Amino acid sequence: MASGTDWIARAPARTSAVAFAIAAAALAAAMAAQASPRVERRVSHYPVDGQSRAAWVAQMRAKGPVDPVSGRRYSGYTEWQVTWSWQSWPLGDGQCQIAYWDVAVDITITLPEWRGRVGAGSMLVSQWDRFLADLNVHEAVHAGHGEQAAAEIERMFQALPQRLPCNGSRRDIDRAAREIIADFRRRDREFDRRTRHGILP
């Protein structure tokens, strides 16, 4: 459902007083303008034909998105990926100050699109609409997990102390972010277990 990546770029070990003053001013501006996680959300569709529930089921089993973990096809699928990056300035005593960070989440929701709606009976149309509405709600929960994971990582950065050890901070921050992502992956799996993945209409 999700994977996280990170990078860190640090300033050179030696920084002049003027350069550091400029950097400090930039730091203040960047921190003041720090935004909540950036969210990129898109929806893609795959075609479903047929004039019966049985036809839909057969089409979704053949064409539905594949879960890369289980290898199974589902009627809908949400993939989210959280990324984070940050920069820090050395303070000259083995300590560093975080100058900037960025957290983003990319979400892709894949849903079926019924091509046989025109000319179909009202009962069949209503059945499809109910199914698709339920599926949208199901996938929105998964998308929400991705957004919540990004927001939690954002809060983690906001809570960091102003001074951090230059050595080991990348490892510790990366570990903490991945633990957050792992927690929301577990929530995804538990939600799918309870709802049976919203597999078929």
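Computed from a predicted model, the values in this text were never measured in an experiment. (Residues numbered from 1 in each chain as written. Predicted model: local features only at pLDDT ≥ 70, side-chain atom pairs only at ≥ 80, totals over all residues. Heavy atoms only, no water.)

Considering the overall build of the protein
Line of reasoning, step 1. Scanning the protein from terminus to terminus reveals four helices and five strands.
Line of reasoning, step 2. Considering only intrachain contacts with a sequence separation of at least 6, the fraction spanning at least 24 residues in the protein is 76%. (Helix = DSSP H or I, 4+ residues; strand = E, 2+ residues; numbered from the N terminus. Contact = heavy atoms within 4.5 Å.)

Thoughts on the packing of helix H3 (residues 122-159) against helix H4 (residues 169-195)
Line of reasoning, step 1. It is the contact of H3 with H4, at a shortest axis distance of 10 Å, that shows an interaxial angle of 160°. As judged from the angle between their axes, H3 and H4 are roughly antiparallel. Judged by the twist between their axes, the crossing of H3 over H4 is right-handed. Contact residues: His138, Val141, His142, His145, Gln148, Ala149, Glu152, Ile153, Met156 and Phe157 in H3; Ile173, Ala176, Ala177, Ile180, Ile181, Phe184, Arg187, Asp188, Phe191, Asp192 and Thr195 in H4.
Line of reasoning, step 2. For the contact of H3 with H4, the residue count by class is twelve nonpolar, five polar and four charged. (Axes fitted to C-alpha atoms, helices over the stretch in contact; angles between N-to-C directions. Parallel < 35°, antiparallel > 145°, perpendicular 65-115°, else oblique. Left-handed = near helix turned anticlockwise from the far one by under 90°. Nonpolar A, V, L, I, M, F, W, Y, C, P; charged D, E, K, R; others polar.)

Things to note about the pattern of salt bridges
Line of reasoning, step 1. Enumeration according to the criterion identifies 15 salt bridges in this entry.
Line of reasoning, step 2. A salt bridge links glutamate 190 to arginine 194, with the nearest nitrogen and oxygen atoms 3.7 Å apart. Of the two residues, glutamate 190 and arginine 194 both sit in helix H4, four residues apart, roughly one turn of that helix.
Line of reasoning, step 3. With relative accessibility at 32%, the residue glutamate 190 sits in the partly exposed group. (Salt bridge = Lys/Arg side-chain N within 4 Å of Asp/Glu carboxyl O. Buried < 20%, exposed > 50% of the residue type's maximum accessible area, 1.4 Å probe, protein only.)

Observations regarding the packing of aromatic side chains
Line of reasoning, step 1. Summed over the entire model, instances satisfying the criterion amount to five aromatic pairs.
Line of reasoning, step 2. Plain terms: the ring middles of tryptophan 56 and tryptophan 128 are 4.9 Å apart, the flat faces sit at 70° to each other, and that makes the pair edge-to-face. A residue pair is termed long-range when its members are at least 10 positions apart, and tryptophan 56 in helix H2 (residues 53-63) and tryptophan 128 in helix H3 qualify at 72 residues. The two residues tryptophan 56 and tryptophan 128 agree in class, both being buried.
Line of reasoning, step 3. For the pair tryptophan 128 and phenylalanine 131, a centre-to-centre distance of 5.4 Å together with 65° between the ring planes defines the contact as edge-to-face. Within this pair, tryptophan 128 and its partner phenylalanine 131 are both found in helix H3, separated by three residues, close to a single helical turn.
Line of reasoning, step 4. Connected via pairs of aromatic rings, a cluster forms that spans Trp56, Trp114, Trp128 and Phe131. (Phe/Tyr/Trp six-rings, centres within 6.5 Å; stacked < 30°, edge-to-face > 60°.)

Some remarks on H4
Line of reasoning, step 1. Across its 27 residues, H4 extends 39 Å between first and last C-alpha, which sits within 8% of the 39 Å expected from 1.5 Å per residue.
Line of reasoning, step 2. At the C-terminal side of H4, arginine 196 shows a positive phi close to 60°. (Expected span 1.5 Å × (residues − 1).)

Things to note about the environment of valine 39
Line of reasoning, step 1. Residue position: valine 39 is located in strand S2 (residues 38-48).
Line of reasoning, step 2. Distance from valine 39 to glycine 146, taken between C-alpha atoms, is 9.3 Å for residues 107 residues apart in sequence.
Line of reasoning, step 3. When residues no more than four places from it in sequence are discounted, the contact partners of valine 39 are Val105, Ile107 and Glu147.

Digging into the side chain of glutamate 139
Line of reasoning, step 1. Relative to the assigned elements, glutamate 139 resides in helix H3.
Line of reasoning, step 2. The residues touching glutamate 139, leaving out its near neighbours within four places in the chain, are Gly76, Tyr77, Thr78, Ile109 and Leu111.

Topic: the confidence of the model for the protein
Line of reasoning, step 1. In the predicted model, the protein carries a mean pLDDT of 84, and the fraction of residues at 70 or more is 81%.
Line of reasoning, step 2. Scored below 50 in pLDDT, residues 1-25 shows 57 contacts in the model against residues more than four places distant or in partner chains. (pLDDT = per-residue confidence, 0-100.)

A look at the packing of H2 against H3
Line of reasoning, step 1. Direction vectors running N to C along H2 and H3 enclose 40°, while the axes themselves pass 11 Å from each other. Considering the angle they form, H2 stands oblique to H3. Where H2 approaches H3, its residues Arg53, Trp56 and Met60 are matched on the opposing element by Leu124, Gln127, Trp128 and Phe131.
Line of reasoning, step 2. Of the residues belonging to the contact of H2 with H3, the class tally is five nonpolar, one polar and one charged.

As for the pairing of strand S3 (residues 77-90)
Line of reasoning, step 1. Bridge count between S3 and strand S4 (residues 95-114): 14 bridges; the pairing is antiparallel. Bridged to glutamine 87 within S4 is tyrosine 100.
Line of reasoning, step 2. Counting the residues in the hairpin turn of S3 and S4 gives four residues, including glycine 92, whose phi is positive at 90°. (Pairing = 2+ DSSP bridges.)

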